[in-house]
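Survey of secondary and tertiary structure
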Amino acid sequence: MPGKLKVKIVAGRHLPVMDRASDLTDAFVEVKFGNTTFKTDVYLKSLNPQWNSEWFKFEVDDEDLQDEPLQITVLDHDTYSANDAIGKVYIDIDPLLYSEAATVISGWFPIYDTIHGIRGEINVVVKVDLFNDLNRFRQSSCGVKFFCTTSIPKCYRAVVIHGFVEELVVNEDPEYQWIDRIRTPRASNEARQRLISLMSGELQRKIGLKVLEMRGNAVVGYLQCFDLEGESGLVVRAIGTACTLDKLSSPAAFLPACNSPSKEMKEIPFNEDPNPNPHSSGPSTPLKNQTYSFSPSKSYSRQSSSSDTDLSLTPKTGMGSGSAGKEGGPFKALLRQQTQSALEQREFPFLTLTAFPPGLLVHVGGVVSARSVKLLDRIHNPDEPETRDAWWAEIRQEIKSHAKALGCHAVVGYSESTSICEEVCILSASGTAAVLNPRFLQEGTVEGSLDQRIEENLPVGCGFCHIPYDELNMPFPAHLTYCYNCRKQKVPDVLFTTIDLPTDAVVVGKGCLIQARLCRLKKKAQAEANATAISNLLPFMEYEVHTQLMNKLKLKGMNALFGLRIQITVGENMLMGLASATGVYLAALPMPGGIQIAGKTPNDGSYEQHISHMQKKINDTIARNKELYEINPPEVPEEILGSPIPEPRQRSRLLRSQSESSDEVTELDLSHGKKDAFVLEIDDTDAMEDVHSLLTDVPPPSGFYSCNTEIMPGINNWTSEIQMFTSVRVVRLSGLNLTNQALNRNFNGLCENLLKSLYFKLRSMTPCCLCHVNFTVSLPEDELIQVTVTAVAITFDKNQALQTTKAHVEKSLQRASTDNEELLQFPLELCSDSLPSHAFPAAKEHLESASSNSGTPAAQRAVTVEKASPMGDGNFRNRSAPPCASSTVGVVKMTPLSFIPGAKITKYLGIINMFFIRETTSLREEGGVSGFLHAFIAEVFAMVRAHVAALGGNAVVSYIMKQCVFMENPSKNQAQCLINVSGDAVVFVRESDLEVMSTQQPVVNCQPSCTGEVTT
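The notes below deal with the structure included here. For clarity, every value in this text was computed on a predicted model and none was experimentally measured. Every chain's residues receive numbers from 1 upward, in the order its sequence appears when written. Local features in a predicted model are, by the rule used here, given only for residues with pLDDT of at least 70; side-chain atom pairs are given and counted only at 80 or more, and totals for whole chains, interfaces and linings are based on all residues. The basis for every side-chain value is the complete set of non-hydrogen atoms in the structure, without hydrogens or water.

A separate point is the overall build of the protein. Under the DSSP-based scheme used, a helix requires at least four consecutive residues in state H or I and a strand at least two consecutive residues in state E, with every element numbered from the N terminus. Check the secondary structure of the protein and you find 18 helices and 31 strands. Residue burial in the protein is summarised as follows: out of 1016 residues, 62% are buried. Intrachain contacts of the protein at a sequence separation of at least 6 include 79% that bridge at least 24 residues. Buried means the residue's accessible area, taken with a 1.4 Å probe over protein chains only, is under 20% of the maximum for its type, while exposed means over 50%, and partly exposed covers the values in between. By definition in these notes, contact holds between two residues if any of their heavy atoms fall within 4.5 Å.

Attention shifts here to the nonpolar core. Only buried residues count toward a nonpolar core, which is a set of Ala, Val, Leu, Ile, Met, Phe, Trp, Tyr and Cys residues joined through side-chain atoms within 4.5 Å. By size, the foremost hydrophobic cluster in this structure holds 69 residues, and its most contacted members are Leu5, Ile9, Leu70, Ile72, Ile122 and Val126. For this core, the leading source of residues is helix H17 (residues 928–950), giving 12 residues. Look past the residues within four positions of Ile122 in its chain and what remains in contact with it is Ile9, Ala11, Gly12, Val29, Trp51, Ile72, Val74, Val89, Gly107, Trp108, Phe109 and Ile111. Val494, Phe496, Trp718 and Phe899 belong to the second-largest nonpolar core, a separate cluster that totals 49 residues.

Another point: unusual backbone geometry. The step from Thr766 to Pro767 runs through a cis peptide bond, and the omega angle for that step is -5 degrees. By the element assignment, Pro767 lies in the loop between helix H14 (740–761) and strand S26 (768–778). Not every positive phi belongs to a glycine, and Lys45 is a case in point at roughly 40 degrees. Along the chain, Lys45 falls in the loop between strand S3 (36–39) and strand S4 (56–60).

Here we come to the pairing of strand S12 (residues 234–247). Burial analysis of S12 places 12 of its 14 residues in the buried class, which makes it a mostly covered element. The rule for pairing is simple: two strands pair if DSSP sees at least two bridges between them. When strand S11 (residues 218–228) meets S12, the two strands line up antiparallel, connected through 9 bridges. Of the residues in S12, the one forming a bridge with Val219 is Ala242. Between S11 and S12, which pair antiparallel in sequence order, lie 5 residues; one of them, Gly230, sits at a positive phi of approximately 70 degrees.

A helix's residues, less one, multiplied by 1.5 Å, set its expected span. The terminal C-alpha atoms of H17 lie 33 Å apart, and with 23 residues this matches the ideal 33 Å at 1.5 Å per residue to within 8%. For H17, the tally of buried residues reaches 22 of 23 residues, placing the bulk of the element in the interior. Once H17 ends, the next one or two residues include Gly952, with phi positive near 90 degrees.

This part takes up the pattern of salt bridges. Definition used for salt bridges: Asp or Glu carboxyl oxygen within 4 Å of a side-chain nitrogen of Lys or Arg. This model, assessed by the stated rule, comprises 29 salt bridges. Here Lys206 makes a salt bridge to Glu202, at a shortest N to O gap of 3.1 Å. Residue Lys206 and its partner Glu202 are both found in helix H2 (residues 185–213); the two are separated by 4 residues, about one turn of the helix. On the accessibility criterion, Glu202 (24% relative accessible area) is partly exposed. Two residues, Arg396 and Glu416, come together in a salt bridge whose shortest N-O distance is 2.7 Å. With Arg396 in helix H7 (residues 386–405) and Glu416 in strand S14 (residues 410–421), this residue pair connects regions lying 20 residues apart in the sequence. An identical accessibility class is assigned to Arg396 and Glu416; each is buried. Taken together, the salt bridges that share partners define one network made up of Glu166, Glu167, Lys210, Arg396 and Glu416.

Attention now goes to the sheet that holds strand S13 (residues 361–375). Sheet strands line up and pair through hydrogen bonds in the backbone, either parallel or antiparallel. The strand order across the open sheet formed by 3 strands is S13-S15-S14, and the pairing between neighbours is antiparallel. On the outer flanks of this sheet lie S13 and S14, each paired with one strand and no other. Shown here is a sheet whose adjacent strand axes are inclined to one another by a mean of 10 degrees, direction ignored. Pairing analysis gives 10 bridges linking S14 to strand S15 (residues 424–436), with the strands arranged antiparallel. Under this scheme, a helix contributes an axis fitted over its contacting stretch, all axes are lines through C-alpha atoms, and angles between N-to-C directions fall in the 0 to 180 degree range.

Here we take up a negative patch on the surface. The grouping of Glu172, Asp383, Glu384 and Glu386 at the surface amounts to a negative patch. Mapped onto the elements, Glu384 comes out in the loop between S13 and H7. To count toward a patch, a residue needs a relative accessible area above 30% and no salt bridge. Like charges then connect within 9 Å, nonpolar side chains (Val, Leu, Ile, Met, Phe, Trp, Tyr) within 5 Å. Calculation of accessible area relied on Shrake-Rupley with a 1.4 Å probe; when residues are assessed, cover is drawn exclusively from the protein chains displayed. Positive charge is attributed to Lys and Arg, negative charge to Asp and Glu, and no charge count is given to His or to the chain ends. By convention, charge coordinates are those of NZ in Lys, CZ in Arg, CG in Asp, or CD in Glu.

For the rest of this paragraph, the subject is the sheet that holds strand S19 (residues 507–521). Sheet architecture is open: 4 strands sit in the order S18-S20-S21-S19, paired in mixed fashion. Each having just a single partner strand, strand S18 (495–496) and S19 make up the two edges of the open sheet. Bridge analysis of S19 against strand S21 (residues 574–586) gives 12 bridges, and the strand direction is antiparallel. Residue Ile514 lies in a different strand from S21, and its bridge partner there is Ala581. Across the sheet, helix H9 (residues 527–555) touches S18, S19, strand S20 (560–570) and S21, and the angle it forms with S19 is around 150 degrees. Running over the sheet, H14 touches S19 and S21 and is turned about 140 degrees from S19.

For the rest of this paragraph, the subject is the packing of aromatic side chains. Between the rings of Phe, Tyr and Trp (Trp by its six-membered ring), a pair exists once the centres lie within 6.5 Å; its type follows the angle of the planes, with under 30 degrees stacked, over 60 edge-to-face, and the other angles tilted. Counted by the stated rule, this structure contains 19 aromatic pairs. Seen in terms of ring centroids, Phe932 and Phe966 are 6.4 Å apart; in terms of plane orientation they differ by 45 degrees. Their pairing is tilted. Residue Phe932 is found in helix H17, and its partner Phe966 is found in strand S30 (residues 955–969); the two are separated by 34 residues along the sequence. Among the aromatic residues, those joined into a cluster by ring pairs are Phe33, Phe38, Phe56 and Phe58. Lying across the ring of Trp108, Arg13 places its NZ or CZ 3.8 Å from the centre. Placement of a positive charge over a ring is assigned whenever Lys NZ or Arg CZ falls within 6 Å of the ring centre and within 35 degrees of the normal to the ring plane. Here the guanidinium or amino end of Lys247 rests over the ring plane of Tyr156, the centre of that ring lying 5.3 Å away.

So, about the side chain of Lys522. With respect to the secondary-structure elements, Lys522 resides in the loop between S19 and H9. Definition of a polar contact: a pair of N or O atoms within 3.5 Å, with one able to donate and the other able to accept a hydrogen when the atoms are protein atoms, and with sequence-neighbouring residues admitted only if both atoms are side-chain atoms. Side-chain polar atoms of Lys522 contact the side chain of Asn530, separated by 3.0 Å. Polar side-chain contacts of Lys522 include one of 2.7 Å to the backbone oxygen of Glu572. When sequence neighbours within four positions are dropped, the list of residues in contact with Lys522 reads Asn530, Ile534, Leu537, Val570, Gly571, Glu572, Asn573 and Met574.

Looking now at H7. An ideal rise of 1.5 Å per residue puts 28 Å on 20 residues; H7 measures up with 29 Å between its terminal C-alpha atoms. Thr387, Arg388, Trp391, Trp392, Ile395, Arg396, Glu398, Ile399, Ser401, His402, Ala403 and Ala405 are the residues of H7 that are buried.

Let us now look at the pairing of strand S6 (residues 84–91). Where burial is concerned, most of S6 is hidden: 6 out of the 8 residues are buried. As paired strands, strand S5 (residues 70–76) and S6 are joined by 7 bridges and run antiparallel to one another. Within S6, the position partnered with Val74 by the bridge is Gly87.

Relative accessible area serves as the criterion here: at 35%, Glu384 is assigned to the partly exposed category. A C-alpha to C-alpha distance of 6.4 Å links Glu384 and Val170, two positions 214 residues apart in sequence.

Mapped onto the fold, Pro49 is located in the loop between S3 and S4. Measuring from C-alpha to C-alpha, the distance between Pro49 and Phe28 comes to 8.7 Å, with 21 residues separating the pair along the chain. Discounting residues that sit within four places of it in the chain, Pro49 has contacts with Ala11, Gly12, Leu15, Ala27 and Tyr43.

Have a look at this one:
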C-alpha cells in the first residue's frame, strides 16, 4: 500500500540565540524522510520565524512509513561557516496509518537537542494519503493497532485472543563504531536515537505481520525494551498479545458510567462485551478482568532449577480430575481437552495481559519463572538475531514446562526482562500459570451448551483460587483446604500471582504494597568465572526473596500477592533483588497463622528474653496490621467447613528448617489457638538480621495506602484527582564496609526513604492511594545504586472512606475550606518559566538524588532535589525556558493506569513510543545529578505531551518509563542519560461533561480544579 506523506512547516517560536552579534537567529528547516530531504527558506533575524512553507510531498512505500520516523531538523544559517544545528524533532507516522485514528498530526513540537535539551518549538502539519493495495507479498502491516495497556482497551471488546507474539531486531551500536572516535558526542547521540526509532518501527511492523498471519487486528499488552549490549550490539525486542478487537460503536457503551470506579472498573473493561453471545452475559461475572496465580510456597525454588521440571513429572492422564471434587469430572475433562486443543496450535500459550474479559480466566496455578545467565561475547555473529532468539526460546520453553507441571496450559501476566553488566547478561521471564476458558481462544468452536455449563460451574468470586493441579500428584508439597467461600473445591494456603486482582474477587479489608529487598556481594571476575558465580547465586537469591515475601505477607496478616514483579539486577561486584507485589486477604483462602520464632543456639536467659521480646513485637505488629488494613474475616465454625481435613489449617512450611522432621513442628504450643503459626528458625546472625528487617518496615502514614496493581483492592470511591510522578535516586556506596548485611540495610533504607519522601510530598492529598507503584533498580556503575519510581496518587472520597480518627476528619475539612495555594502539594509559581507544553508543572514529577541532607523544604517547588551540594536547586530555576504559551486545550494528562478515574476514554489514537538521549559536559553547573536528571525527565514529559496533543489527544494512559540508563563521570563533569517511555495516546471525556453534553461533543475538555494541576 504505497502512500504519499505531506509535511508543512508553519512557524517556530522561542528559538535560542545563535548569532552573537545580533542576538537573533537565521533559522531554516530540513525535512527528511527516508533518503529524501527538503529545505525551507531561511527566515532571517528572528527568534519566532514564520516559514509557512508549501506542502513537501514524499512518495513512499508503506513499509517505510512504518519503519522510518519523519525527521525535522532546525538549523541556523551561516554564510561563511557550517550551518549550526539548533535541534531536531522526530515524528512517528504510525498513528496516521490506522483506519479510525487521527487523520492529521498538527501542533507545536519541542525542538530537542541531545546536549542542550529543549530549544524552542516548531509548528508542523503532517498528513498521509494511502492507496489501497492488496498485494499478498507485502511487507507492511498497516492497520494493526498497538496498545501498551495490559487489559483489553476500554472502548473495544475482545472477539478472539490469538496469543503470544514476539520479535527481536539487532544492530550495531553507533556508540561503539570506529567512527565514533572522531565524531562529536551530538552526532553519536543522534545516530543512536535515530537508529533506535528506526529499529522500533521495524519491530512493530514485523510484529504486525505476525498478527495479520494469525488473522488478528491488534496487539494488546505491547512491551518493548532495548538492551545495550555494548560491543556486541544494540537489541530492540518486544512481546505482546495478538487479539481481534471490535470497536464498540454505540455511544451507549460509554454512558452506563457510574461515579465510582469500582463499578466503573467492573463495567468498562468489558463494556467490551455488551453481549457477544447470549450465554456469556449472564452468570459469567466470575472472572472479571484480572487474574490470579498461586504459588504454594515451595513451587518457586523447585521451579527455578530448570532441568528437573521435566514434563513427565505430572502424569498426563487425569490432570485435574482429582481437584474436580464431587463436581463433574467428565465435564472438566471436556473443558480441558477443548482448551488444550485451542492452545496446542501455539508454540507458546502466553498472554501479556494482567486483566481479562469476564469468563476468560478459570483457575490460577502459581507464579512460574525462569532465568538464565549468558555471555554476550560468545555470540557467533552478533549482527544476526539467531543466537538471542534461541536464548529466549529456551527460557520460554522452560516457563511452558513449569506451567504444565502445575496442571495449567497457559501463562498469563507474562513479562520478560534482561540485566546486563559488561559481558554478562541475565535473561528473566515470569508469569502466572492459568487455565483459560476456550471461548475466547478460538472463533466459534465451542458449542453453546458447554459454554453455559462452564459458567454454572464457576462459583462467583473464588473460582480462580481453586487448584488446577491434581491433588494426588501435586508438583510440590502444599497445604490444601476446602475453599472458604464455596466449600466445594480445594484451595492452597497462599497464592502468588503476577496479574491484577480480578474485579469480582471477594477481598477482606484493604491491600498494601509488600516489598522484598536483597543485596548479595560477589567477587569481581572475568567472563566464564563471573557467569558461573552469578548462576550459582541466583537460586539462593530467589529463595531469599520468596522467603522475605512470605514472611512479610504473614506479618501483614494477608494470604495472597498480586502484581508480583521480581527483578534481579547484576552489577560488577554485587547482585540486587527487588520484589514488589500487592498483598491482599482473599476470603476464599484460609486465614494465615501468626509467625512463631524458635531460637535454637544459646540457652541463656537473656537470649530467651530477647526471643520472647521479639515474639511479642511480631504479634503486636500482626495485630496492628490487621487493624490498619481492616482485616476481620468472618469466623467459620468447624462444622460448616465440611472439610474432611480435621484442622481448618494445616501446618505451614518451616522457613529456615533444613532437616527437622515435620512432627516437631506440630508439637510447638502456639498461642494462636488452632491456627498453626509460621515458624522462623533463628540459628545464626543472618536469621536475626532477617527478623529485624521484617520489623523495620514502616507502615505508610495514616490516610495513605499503596499498591503496585492498577486499582487498590478494598477502595472503590475514587475521585478524579490524580497526580503522576517519577522519582529517581542515585546513591554512591563509597567507603562502606561492604558486607551483605550493611548492603541490605542500605538498600532497605534507600527504598524506605524514597517511599517516605513520596508520602511527605503528597501529604496534602490525603486520604489517597499510590497506585501502580513501579520500582526499578539498576547498578549503572561500580558502587552506584539507582532506584527509579513511577506511580500515580489518586485521592478517594473522604466521606465514604469511613475515617475513624478525628484528626483526619478535621484535616480534610480544613483542607476543603482552604484549598488555596499554601496547601497545594506543589506551588504553582513554576508556571511562569515552565516548559511550553508543561501546562501542569505540578504533576511533573520530583526527582531525588542521593543524600537526604537537602536544604530545601519539600513544599518549595514542584521538585525537591535532595543532594548534598547546595547548588542542587537554584540553578535549575534560572534556566531560560520559554514562558507558558496560552493555549485553549487543557493539559494532557499522564497516568500509568489504563483508565482515568471519573472519565470515559472514547478513542485510542495510537501508541507513543519515544527514546531520548541527553548528555552534558557541565554536570555541576546544571545542578549535579539531580538537577540534570530532573530537567531531562521534565523535558521528556513535555515532548510526550506535545506529541499527544498534536494527534488530537488529551491524555496518555498506561504510561511507563521502560528504561532510564544513567552514566556519570564526576571527575570529567560529564553525565549521560537514556530514557525510553511509552504509553497510549487517548481522547477522554469527563463524566460530568458527558451528562451535560450528551447531545453535542465537547470541543474543549474542561478540567476540574485539581490540587496539583494548573491549566494555562
